[in-house]
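So the chains spell out like this:
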Amino acid sequence: MWCLGELGLAFTRYDIGHKYGGNDTPEFLSLNPNGTVPVIKDGDGTPIWETGAILRYLANRYAGASFWPEDLDVRTHIDKWAEWSKINIALNFTAPIFWRIVRTAPQHQNQDEIAKAIDKLGNMLNIAETQLQQHNFIAGDYFTLADIQFGHILYRYFDIKMSRPYHPELLNYYDRLKERPAFREHVMISYEELHVN
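What counts, and where the lines are drawn
Residues numbered from 1 in each chain as written. Predicted model: local features only at pLDDT ≥ 70, side-chain atom pairs only at ≥ 80, totals over all residues. Heavy atoms only, no water. Helix = DSSP H or I, 4+ residues; strand = E, 2+ residues; numbered from the N terminus. Buried < 20%, exposed > 50% of the residue type's maximum accessible area, 1.4 Å probe, protein only. Contact = heavy atoms within 4.5 Å. Core = buried A, V, L, I, M, F, W, Y, C linked by side-chain atoms within 4.5 Å. Domains from an automatic or database assignment. UniProt positions renumbered as here; feature names shortened; annotations may be inferred. Salt bridge = Lys/Arg side-chain N within 4 Å of Asp/Glu carboxyl O.

As recorded by an unreviewed UniProt entry, the chain carries the name Stringent starvation protein A and is attributed to Xenorhabdus beddingii.

Set out below in structure tokens:
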């Protein structure tokens, strides 16, 4: 959704899965046999699932050169940071930290495991901190597809109650993302329905 907003594309959104259900219906499974979201269907095109594939499709089809350059070396550099973000940041935040804090009742939370996960993610964020000391965005001086793959977790990362390592450049970067209307509209949204008490 953030990418669609950044690219100014019109869309119709369908809320599927979680409390909405519908992801196990034949109709949805014909779009994505995994029964997971997100999925997009662009016009009469083939449905696309998997976040990275969706982002690259949108970038290839609709983005300008600064977001997804035509030069293979420059594009590959951006893609490298996007993949790094997905594998090292999103995967080390969502289940190990976010789900353990937000989706686990406090009396069942393992604080030692959460602390270890925060430490592991912090080590990965040290790499981002070094990169952001040199550039305004994660892959360089311009906002790119890599920022969507990296930056989408930061609202929840900074919003949930936990101790976190101090990364001043990451905080500055987050402040820059918060200035983007599409980030505010599509990322900085309530996740209250996910809380388990």
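### Let's talk about the overall build of the chain
Within the chain, the regular secondary structure consists of 9 helices and 2 strands. Each helix and strand of the chain, ordered N terminal to C terminal, gives the series α-α-β-β-α-α-α-α-α-α-α. The principal-axis extents of the C-alpha atoms in the chain amount to approximately 50 × 45 × 25 Å. Looking at the chain residue by residue over its 197 residues, the buried ones come to 38%. Taking contacts inside the chain between residues at least 6 apart in sequence as the whole, the part at least 24 apart equals 61%.

### Section: the nonpolar core
Counting residues in each nonpolar core, the largest one holds 53 residues, and the members touching the most others are F67, I97, F150, L154, Y157, I160 and Y173. Secondary-structure elements contributing two or more residues to this core are α1 (2–7), α3 (51–62), α4 (72–102), α5 (111–134), α6 (145–151), α7 (154–159), α8 (168–178) and α9 (181–186). If you count residues domain by domain, this core takes at least three from each of domain 1 (1–62) and domain 2 (72–194). Here F150 is in contact with W84, S85, I89, L125, A128, I138, L170 and Y173, once residues within four sequence places are set aside.

### As for the UniProt feature "domain: GST N-terminal" (unreviewed entry) in the chain
Residues given the UniProt feature "domain: GST N-terminal" (unreviewed entry) here are residues 1–66. Taken as a whole, residues 1–66 contains 36% helix and 6% strand, while its terminal C-alpha atoms sit 19 Å from one another.

### Here's the deal with the pattern of salt bridges
Summed over all chains, the structure comprises 9 salt bridges. Residues R13 and D15 are paired through a salt bridge, measuring 2.7 Å at the closest nitrogen-oxygen approach. Residue R13 is classed as partly exposed on the basis of its relative accessible area of 47%. Here D15 falls in the partly exposed class, since its relative accessible area comes to 36%. Residues K178 and D175 are paired through a salt bridge, measuring 3.3 Å at the closest nitrogen-oxygen approach. Linking K178 with D175, this pair stays in helix α8, spanning 3 residues, or about one helical turn. On the basis of relative accessible area, K178 is assigned to the partly exposed category, the value being 28%.

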